[in-house]
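Analysis of the macromolecular model
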Amino acid sequence: MFILNDGNDQKPQPPNLVGFLIKIFCIGITLGSGMGYGFKQGADLIPSKFTSAVTQRENQNFGLAEYIRLEHGMTLAQVESILDRGVEVESSETSTTYIWRNTSSSNITVTFRKGKLVKKTQLNLN
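Presented here is an overview of the structure given in this document. Quick caveat, the model's predicted, so the values are computed rather than measured.

**Examining the packing of aromatic side chains**
- Going through the model one piece at a time under the given rule, you end up with two aromatic pairs.
- Relative to Trp-100, the ring of Tyr-98 lies with its centre 6.1 Å away and its plane at 35°, an arrangement referred to as tilted. The burial state of Tyr-98 is the same as that of Trp-100; both residues are buried.
- With centroids separated by 5.8 Å and ring planes inclined at 80°, the aromatic side chains of Tyr-98 and Phe-112 adopt a geometry described as edge-to-face. Of the two residues, Tyr-98 is situated in strand β2 (residues 95-101) and Phe-112 in strand β3 (residues 107-113); the sequence distance between them amounts to 14 residues. Neither Tyr-98 nor Phe-112 differs from the other in exposure class; each is buried.
- An aromatic cluster is present here, built from Tyr-98, Trp-100 and Phe-112 joined pairwise through their rings.

Structure follows, in structure tokens:
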């Protein structure tokens, strides 16, 4: 038995894969840009230790005399009474390290263990 084709039969068109991929790509770029912008804005709201160190550096003016006054066994409060407020740069269960920076790029680094000064170093102090 023969079935006559009157010319109205059309083959189903395959989906336009290229067009679909372009749409997905554009949506991804749009969302990615917005999310990236949002993450950047959020990160700008959170102060980092680096920005704190830069802000703190502008107000510091200490020298070798202040470094010499730092003694093993001092507390952070005692050190800060000599150097002003420092910036915490490292912390573990057993120790915490702070840094004080001068405008001249010299600095003092102090490590505390159990709340007491156990190590001090300086760079380019006069």
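**Let's talk about unusual backbone geometry**
- Phi at Asp-84 is positive, roughly 80°, even though this residue is not glycine.
- In this structure, Asn-124 takes a positive phi of about 60° despite not being glycine.
- Classification of Asn-124 by relative accessible area gives exposed; the value is 54%.

**Looking at the environment of Thr-111**
- By secondary structure assignment, the location of Thr-111 is in strand β3.
- In this structure the C-alpha to C-alpha distance between Thr-111 and Ile-99, which are 12 residues apart in sequence, comes to 8.9 Å.
- A polar contact of 3.2 Å, which involves the side chain of Thr-111, links it to the side chain of Thr-97.

**Remarks on the side chain of Asn-107**
- Following the sequence through the fold, Asn-107 ends up in strand β3.
- On the accessibility criterion, Asn-107 (11% relative accessible area) is buried.
- Excluding residues that lie within four positions of it along the chain, Asn-107 makes contacts with Phe-62, Ile-99, Trp-100, Arg-101, Thr-121, Gln-122, Leu-123 and Leu-125.

**So, the pairing of β3**
- With six of its seven residues buried, β3 lies for the most part within the structure.
- Sheet topology note: the β2/β3 ladder contains seven bridges and is antiparallel. Following the sheet pairing, Arg-101 is matched in β3 by Asn-107.
- Here β2 hands over to β3 after five residues, with Ser-105 in that stretch at a positive phi of 70°.

**Focus on the pairing of strand β1 (residues 87-91)**
- Bridging between β1 and β2 involves four bridges; their strand directions are antiparallel. Within β2, the residue paired with Glu-90 across the bridge is Thr-97.
- Once β1 ends, the chain turns through three residues before running back antiparallel as β2.

**Examining the environment of Gly-63**
- For Gly-63, the position within the fold is in the loop between α2 (49-57) and α3 (64-69).
- Given the relative accessible area of 13%, Gly-63 is considered buried.
- Setting aside residues up to four positions removed in sequence, Gly-63 forms contacts with Leu-125 and Asn-126.

Reading the values: the criteria
- Residues numbered from 1 in each chain as written.
- Predicted model: local features only at pLDDT ≥ 70, side-chain atom pairs only at ≥ 80, totals over all residues.
- Heavy atoms only, no water.
- Phe/Tyr/Trp six-rings, centres within 6.5 Å; stacked < 30°, edge-to-face > 60°.
- Buried < 20%, exposed > 50% of the residue type's maximum accessible area, 1.4 Å probe, protein only.
- Helix = DSSP H or I, 4+ residues; strand = E, 2+ residues; numbered from the N terminus.
- Polar contact = N/O pair within 3.5 Å; in protein donor to acceptor, adjacent residues only side chain to side chain.
- Contact = heavy atoms within 4.5 Å.
- Pairing = 2+ DSSP bridges.

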